[in-house]
Amino acid sequence: MIGWRGNSPRAAPDLFAPHAHPAERKPVTTEALLAYAHIMAFLMAATFLASETALCRKEWMNAAAVERLARVDMLYGISALLVLATGLARTWWGVKGGAWYWSQPLLHAKVTLFVVIGLMSIVPTMRFLRWRRAVRAGGALPSDDQVRSTRRLVMIEAHLLALIPLLAVFLARGVGTR
């Protein structure tokens, strides 16, 4: 059918056809808005993670950078929650429905990778908060080794985060779907 990506004998109705009745196009509008919200949340998370990577350098470390790292990390956490919320919304209210999404191995791979990144981000978050407390208490900056190891973790997160859209593209194109 036109507009359906998949080889399933239970193909979805042709909701993407331009000649469809307006009532039939509503799910497409909802799907498009959900996709937009999800992409924007993901871009926000990537932006804040890249900002952490840029700020977390021993050469640039000062009290202002420590304060900024803690603030940017909070925004990264909020945007990650938005990614999760909009992703879940897509599975609940999207055209393909939750049963289809949750039966796909690539979705499970995306969610697993997202959880791994989230768990990895706990360590930098705790360090940024500890550094901020130390700076506010007396101005002590983190050591070069602490900054280097924290930056390494943030870089690993950023590289893993870049794999999620790749999995999303494969899922959207029906690669490896059931």
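Basis of the calculations
- Every chain begins its residue count from 1, and numbering advances along the sequence as written.
- Since the coordinates come from a predicted model, pLDDT governs what is reported: local features require at least 70, and pairs of side-chain atoms require 80 or more to be given and counted, while whole-chain, interface and lining totals use all residues.
- Side-chain calculation: all heavy atoms of the structure are included, whereas hydrogens and water are not.
- The way it works is that DSSP assigns letters per residue, a run of H or I at least four long becomes a helix, a run of E at least two long becomes a strand, and they are numbered from the N terminus.
- Burial classification: accessible surface area is computed with a 1.4 Å probe over protein chains only, and a residue below 20% of its type maximum counts as buried, one above 50% as exposed, and the rest as partly exposed.
- Pairs of residues are marked as contacts when any of their non-hydrogen atoms sit within 4.5 Å.
- Remark: nonpolar core denotes a set of buried residues (Ala, Val, Leu, Ile, Met, Phe, Trp, Tyr, Cys) joined through side-chain atoms within 4.5 Å.
- Any carboxyl oxygen of Asp or Glu that lies within 4 Å of a side-chain nitrogen of Lys or Arg is treated as forming a salt bridge with it.
- Residues adjacent in sequence count toward polar contacts only when both atoms are side-chain atoms; beyond that, a polar contact is any pair of N or O atoms within 3.5 Å, and within protein one must be able to donate a hydrogen and the other to accept it.
- Read the arc as the range of directions from the helix axis to the C-beta atoms.

### Considering the environment of I164
Here's step 1: Summarising the element assignment, I164 is placed in helix α7 (residues 163–172).
Here's step 2: A relative accessible area of 8% means that I164 is categorised as buried.
Here's step 3: Measuring from C-alpha to C-alpha, the distance between I164 and V111 comes to 8.7 Å, with 53 residues separating the pair along the chain.
Here's step 4: What I164 contacts, discounting residues up to four positions off in sequence, is F42, K110, L113, F114 and I117.

### Here we look at the nonpolar core
Here's step 1: Of all hydrophobic cores here, the largest spans 28 residues; its most connected members are M61, L69 and W131.
Here's step 2: When residues of this core are traced back to their parent elements, those giving at least two are α1 (22–55), α2 (63–93), α3 (97–102), α4 (105–120), α5 (122–138), α6 (144–161) and α7.
Here's step 3: The element that contributes the greatest number of residues to this core is α2, accounting for six residues.
Here's step 4: What L69 contacts, discounting residues up to four positions off in sequence, is E52, L55, C56, M61, F128 and W131.

### Side note on the pattern of salt bridges
Here's step 1: Under the definition given, this model contains three salt bridges.
Here's step 2: A salt bridge links E31 to R90; its shortest N-O distance comes to 2.8 Å. With a gap of 59 residues between them, E31 in helix α1 and R90 in helix α2 connect regions that are remote in the sequence.
Here's step 3: In this structure, R136 and E67 form a salt bridge, with 2.9 Å as the shortest nitrogen-oxygen distance. Highlighted residues: R136 in helix α5 and E67 in helix α2, separated in sequence by 69 residues.
Here's step 4: By relative accessible area, R136 is classed as exposed at 57%.

### Topic: the side chain of Q104
Here's step 1: The residue Q104 is located in the loop between α3 and α4 in this model.
Here's step 2: One polar contact links the side chain of Q104 to the main-chain carbonyl oxygen of W100, over a distance of 3.2 Å.
Here's step 3: Excluding residues within four positions of it along the chain, Q104 makes contact with L171, G176, T177 and R178.

### As for α7
Each α-helix winds once per 3.6 residues, and so residues spaced three or four apart point in a common direction.
Here's step 1: Among the residues of α7, I164, L167 and L171 are the ones counted as buried. In an axial view of α7, the angular spread of the buried residues amounts to 65°, which keeps them on one side of the axis.

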